[in-house]
Amino acid sequence: MATVGVAPGLSRKLKKVLESRTDSPDLLASLNTLSTFYTENTQHARRNLRSTIEKRCLSINHDFLRASDAAQQALDCVEEEVNALADCCDRIAKALNSCNATTGDIISTTERLKQELEITTQRQEIASCFLRDYQLSNEEISALREEDLNENFFKALSHVQEIHANCKILLRTHHQRAGLELMDMMAVYQEGAYERLCRWVQSECRRLGDSDNPEVSELLKTAVRCLKERPVLFNYCAEEVANMRHNALFRRFISALTRGGPGELPRPIEVHAHDPLRYVGDMLGWLHQALASERELVLALLDPDAAVDTEPTAQRLSKLSESDGGKMESDLKFVLDRIFEGVCRPFKVRVEQVLQSQPNLIIAYKLSNTLEFYCYTISDLLGRETSLCNTLWLLKDAAQKTFFDILKSRGEKLLRYPPLVAVDLSPPAALREGVSVLLEIIETHDSMMIPASEKKPAFDPVISALLDPIIQMCEQAAEAHKSKGVTHSSRRSRASTESGQMSKSSFDAILSNSGSTLFSQDSETPSKIFLINCLCAIQQPLLGHEIASEYVKKLGAMIDNHMNILVEKQVDAILRRCGLSNKMPHFRNSFNKAVVEAPLAEMEDTSPASLSECLKAFFGLILGSESSLPEFEQMQVPKLRADACLQVAKLLAEAYQLIYSAIMDPKNGYPDPKSLARHPPHQIQTILGI
C-alpha cells in the first residue's frame, strides 16, 4: 500500500510539537494561567485564542498604568524640587566666588601670621628645654644650699648630675663656651651638695652607734646611694659606721657577758662559766647572731639596692659584676672586720681561761668541734682573712691542742703505771674505760655539725692518740707477765731436774726432759693470749663504726699476727715435747733436691730407734686425754679460740704428713716404715678433728 507523504512545513510543526516538553515548569505555569480565562473549549474559542491572550495582556498593562500613576506624579514633584535646589546652589557658588575675591588678602595675611606663631612657639619650647636641661630653678638651688635634707635635695642633686652630663654633650657642638661655663657652675653646686650630704650622713651614722638595734631610714639609704658616686666621701662614711658600730658592739658584748638582757632576761652569759661547753657555746651563738644583724645593717647602708638575704657574702657577691662585686666585698669585709675587732680580745681571753681550766676529755673534744663549726660558719659570712675569724681559728687550734695534750698525759700515765695481768687474762679496766671514752667521742663526732661545703675533720689521729698508748700499756703488761713467768719456770725446772735422777724408760725420759721446755712456753702463751684478749676488747666495739674502719683493720692484722705466733709456738712446744722439733729440718731437707744428705735412717737424730720413741710420745699426746693439746680456754672470743685450736691441729697434721712421707720414702732407708709410722695421715686428721 502506497504511503501518503506529509508536507514539509506540517512535518516540521509536528516534529516541533512532538519534541516539546509538556512537563516544564514554564509550560505548566502558562497553562495554569490560561485556564483562568479560557473556560470552554469550542471551535470559536480556539480560533480567537490569540486575540483573547492579547486582550488579556492589554488589560494587565492598563491595570499596571493605573497603579503606577501615583508614583509617576511623585517622581515629577521630586524632579521639580531637584531642579530648584540646583538653581539655589548655582546662586550660592556665585556668591562665594564674589566673597573669595574680596577676602583673599585677609586669608594670606592670616596664613603668614600662623606660620610666624608656629616658629615662635618652637623657639619658646627650645628655650624652655634648654633652661630645664641646663639651669637650676630657684627652688632647686634653695634645696641644695639652705633647706633641710629631704627628697627635694636629692631631686635637685639628680638634676645637677643630669645637667653636668648634658654639658658634656654640648661640648661636642659649636656651643663649647656655653658648655664649659655651665659645667663649671654645676660642678660648684655638685661639690657643695656632696660635702653637705657627707656631713649629714656622718651625723646620721653617729646616731646609729647610740642604738643597739638601729633602723636605717629610706632617706639615709638614698644618701648612701648618692655618695657611691664619690668613693672618697663614701669611704669616710663607711669608716664612721665601722667605728660607731665597733664601740656599740663591744658595749653590747660586755653587757651580755656581765649583765644580761633587760630584767636579766636572758641571764648573763658568765652565769654559766662553770659549764665550759655552754659558756663557750653561748658566746659563739651571741657573736653569730650579732654578725647576722650587723651584716644586715651594713648591707642596708653600703648596698641599699641589694635585697637582704641569708646567703654567704662570697656567694652573694659572686652574682654581681666582677668590678662591683670586688669593691662591695672589700667594703663589707672592711666594715664588718672593724665592727667585730673589738670583741675578739674579751672573747679570746674567756675561751683561753676555759681551756686552761683543764676540762675533761669529752668536753675538750666538743669544744674543739663547736669552735670548728663556727669557724666555717662565720668565715662564710664574714670572710676568712678577718680578725674574728683568725681569732676563732686560733682558739680552735688551741682547743684541739688541749684535747690532744689531755690524751697525751692520759697515755703517759697509763704507760708509767701499767696494770698487772689478771689471772683470767682479761683486759684491764683502763682499756675498757678508754674504749668507752672513744665510743663517746665517736658519737660526738658523728653528731657534730659542719657546713655543707666542708668535710668532717680526720678522726684517725684521735683514735691513734687514744688507743695507741692503751695498746702499748697492754704490751708492757704482757712483757712484765712474761718475764715473771720465765723466772718461776726456771725455778720449777731446777727442782724437777734435782728430783728426777731415778732410772726411766726412754719414752718417759723424753717427756720428762721436755718439761722445762713446756714451762718456758707456758710463760709466753698467757702473754700472747692476754694481748689477743686486749686487742679484741678494743676491736669488737669499733666494728659498727665506719669512721674507725681503718683502725679496725689494723687491729685485725695485729690479732692475726699474735694468733700466728701463738699457734706456731704451741705447735713447736708440742713437737719439742715429743722430741720431733729438732728432727723437722731433716725431714724437710729430704724433699729438697738442692740439699744432698745421707739417708735419714743412717742419721743419729732420725734413726729408727730415736724416731720410734718420738712418734710414740707424739701418738700419746694425740690419743691421750683432752688436756694433752692446748685449748686456749682463757681466750675470751669463742671464734678466735676455735680458730686457734683448728690451726694447731692443722699444723700438727701437716708436720705428721711430712714425717710420714719421709718415713715411707724408700730413699731414706727405713727397714720397716709401716711399723714405725703405724697411723696414716688421714687417721691423725680424723683424731685431730680436721
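Before any of the text, the structure's been laid out above.
A.B. asks: Hey, could you go over the overall build of the protein chain for me, with residue numbers and the actual values?
C.D. replies: Regarding its fold elements, the protein chain presents 25 helices and zero strands. Looking at the 690 residues of the protein chain, the share that counts as buried comes to 38%. Long-range contacts, defined here as pairs at least 24 residues apart, represent 73% of the contacts in the protein chain between residues at least 6 apart. Put simply, the protein chain shows about 40800 Å² of open surface, and 54% of that area lies on carbon and sulfur atoms.

A.B. asks: Please set out the packing of helix 6 (residues 138-145) against helix 7 (residues 151-170) residue by residue, giving values where relevant.
C.D. replies: Working note: a packed helix pair is described by the angle between its axes plus the distance between those axes. Between helix 6 and helix 7, whose axes approach to 8 Å, the crossing angle comes to 110°. Comparing the axis directions of helix 6 and helix 7 gives the class roughly perpendicular. Here helix 6 runs over helix 7; the crossing is left-handed. Note on element contacts: helix 7 touches helix 6 through Asn152, Phe153, Ala156, Leu157, His159 and Val160, opposite Glu140, Ala143 and Leu144. Considering only residue class, the contact of helix 6 with helix 7 consists of six nonpolar, two polar and one charged.

A.B. asks: If you had to explain the pattern of salt bridges to someone new, which residues and values would you point to?
C.D. replies: All chains considered together, the criterion is met by 17 salt bridges. Where Lys221 meets Glu218, a salt bridge forms, and the shortest distance between an N and an O atom there is 3.7 Å. Linking Lys221 with Glu218, this pair stays in helix 9 (residues 218-227), spanning three residues, or about one helical turn. For Lys221, a relative accessible area of 19% puts it in the buried group. By relative accessible area, Glu218 is classed as exposed at 54%.

A.B. asks: Account for the packing of aromatic side chains, naming residues and giving values.
C.D. replies: Enumeration according to the criterion identifies 11 aromatic pairs in this entry. Ring plane angle 75° and centroid distance 5.3 Å describe the contact between Phe373 and Tyr374, whose orientation is recorded as edge-to-face. You can call Phe373 buried: its relative accessible area is 18%. Judged by its relative accessible area of 15%, Tyr374 is buried. Centroid distance Phe618 to Tyr656: 5.8 Å. Interplanar angle 5°. Geometry classified as stacked. Of the two residues, Phe618 is situated in helix 22 (residues 608-623) and Tyr656 in helix 23 (residues 638-664); the sequence distance between them amounts to 38 residues. As far as the burial class goes, Phe618 and Tyr656 line up, both buried. Among the aromatic residues, ring-to-ring pairing joins Tyr365, Phe403, Phe404 and Phe459 into one connected group.

A.B. asks: Can you explain helix 9? Please cite residues and give values.
C.D. replies: Most of helix 9 is tucked away: seven of the 10 residues are buried. Where the residues of helix 9 are buried, they touch helix 7, helix 8 (176-208), helix 10 (231-258) and helix 11 (276-302).

A.B. asks: Report on unusual backbone geometry, specifying residues and quantitative values.
C.D. replies: With a phi close to 55°, Gln358 is a non-glycine residue in the positive phi region. For Gln358, the position within the fold is in the loop between helix 13 (322-356) and helix 14 (361-382). Positive phi is not limited to glycine here, since Leu425 has a value of about 60°. Looking at the secondary structure, you find Leu425 in the loop between helix 15 (387-416) and helix 16 (429-446).

Procedures and definitions
Residues numbered from 1 in each chain as written. Predicted model: local features only at pLDDT ≥ 70, side-chain atom pairs only at ≥ 80, totals over all residues. Heavy atoms only, no water. Helix = DSSP H or I, 4+ residues; strand = E, 2+ residues; numbered from the N terminus. Buried < 20%, exposed > 50% of the residue type's maximum accessible area, 1.4 Å probe, protein only. Contact = heavy atoms within 4.5 Å. Areas by Shrake-Rupley, 256 points an atom, 1.4 Å probe, with all protein chains shown as cover. Axes fitted to C-alpha atoms, helices over the stretch in contact; angles between N-to-C directions. Parallel < 35°, antiparallel > 145°, perpendicular 65-115°, else oblique. Left-handed = near helix turned anticlockwise from the far one by under 90°. Nonpolar A, V, L, I, M, F, W, Y, C, P; charged D, E, K, R; others polar. Salt bridge = Lys/Arg side-chain N within 4 Å of Asp/Glu carboxyl O. Phe/Tyr/Trp six-rings, centres within 6.5 Å; stacked < 30°, edge-to-face > 60°.

Don't take any of this as a statement about function, it's just geometry.
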